[in-house]
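Structure assessment
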Amino acid sequence: MTIMIIGLLIFLGSHSVRIFAENWRQRQIAKHGETTWKVAYSAVSIVGLAIAIYGFGQMRLDPIYIWYPPMGMRHAVALLMVPAFIMLVAAYIPHNAIKAKLGHPMMLAVKIWAFAHLLANGRLGDIIFFAAFLIWAILAFKTAKKRDRLTPPAPVRTSKMATIATVLVGLIAYVVFAFYLHTVLIGVPVFS
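Residues numbered from 1 in each chain as written. Predicted model: local features only at pLDDT ≥ 70, side-chain atom pairs only at ≥ 80, totals over all residues. Heavy atoms only, no water.

If you look the protein up in an unreviewed UniProt entry, it shows as NnrU family protein from Halomonas alkaliantarctica.

1. Quick notes on the pattern of salt bridges
Oppositely charged side chains may form a pair once their charged atoms are brought near each other. If you walk through the whole model with that rule in mind, you get four salt bridges. In this structure, Glu22 engages Arg25 in a salt bridge whose closest nitrogen and oxygen atoms are separated by 3.2 Å. Of this pair, Glu22 and Arg25 both sit in helix 3 (residues 22-32), three residues apart, roughly one helical turn. Taking relative accessible area as the criterion, Glu22 reaches 19% and is therefore assigned buried. For Arg25, a relative accessible area of 15% translates into the label buried. Note that Asp126 and Arg123 form a salt bridge whose closest N and O atoms lie 2.5 Å from each other. The pair Asp126 / Arg123 is uniform in exposure class, with both members buried. Among the ionic contacts, a cluster of salt bridges with common partners joins Arg18, Glu22 and Arg25. (Salt bridge = Lys/Arg side-chain N within 4 Å of Asp/Glu carboxyl O. Helix = DSSP H or I, 4+ residues; strand = E, 2+ residues; numbered from the N terminus. Buried < 20%, exposed > 50% of the residue type's maximum accessible area, 1.4 Å probe, protein only.)

2. Considerations on unusual backbone geometry
One non-glycine residue, His95, lies in the positive phi region at around 65 degrees. By the secondary structure assignment, His95 is in the loop between helix 5 (72-90) and helix 6 (97-102).

3. Concerning the UniProt feature "domain: NnrU" (unreviewed entry) in the protein
According to UniProt, the positions carrying the feature "domain: NnrU" (unreviewed entry) are residues 3-189. Secondary structure content for residues 3-189 is 80% helix and 0% strand, and the end C-alpha separation is 25 Å. (UniProt positions renumbered as here; feature names shortened; annotations may be inferred.)

What follows is the structure in structure tokens.
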């Protein structure tokens with residue numbers, strides 16, 4: 001579990017710079033350039049995520065159970081992940097009304113994903129893993145909304161087609177992940 005926690009600290013720590021050290025981040029970008037910052041940030045993030053995922057897999061080999069969730073929680077997770085996937089896609093498709101209305105759909109998707117998985121997992125490692133992401137997403141969303149109040153983003157013209165595409169791509173991504181990729185990548189079937 002120590003490896004997983006180290007990975008989480010690296011990954012979520014790098015993603016928390018805007019929460020806790022925005023001025024330092026701006027100085028680094030000014031000093032080294034935005035491209036250099038993005039490359040370094042991405043490299044640290046990838047390393048942290050890889051370590052966290054490896055540690056998560058190792059933790060599953062010798063789990064410590066805190067509680068045993070009822071089977072119905074798996075169905076709750078399956079339902080909650082539908083809007084999470086749509087919000088995840090909304091972060092990337094331009095001119096969709098979901099992003100225009102919510103502002104930061106990626107962080108909301110992470111919140112839903114983490115909360116949903118906390119409902120259905122009772123191992124200590126799972127609780128630490130998903131709670132860390134949930135806490136990060138809450139803080140990141142709060143900080144992003146504060147930045148938006150200080151410097152409101154420019155209004156975005158939305159497109160009905162972009163919004164429909166966002167929902168459709170989100171639903172397709174959900175189906176592919178839930179029925180195939182979750183088992184292949186995570187080793188746990190969503191529906192069993």
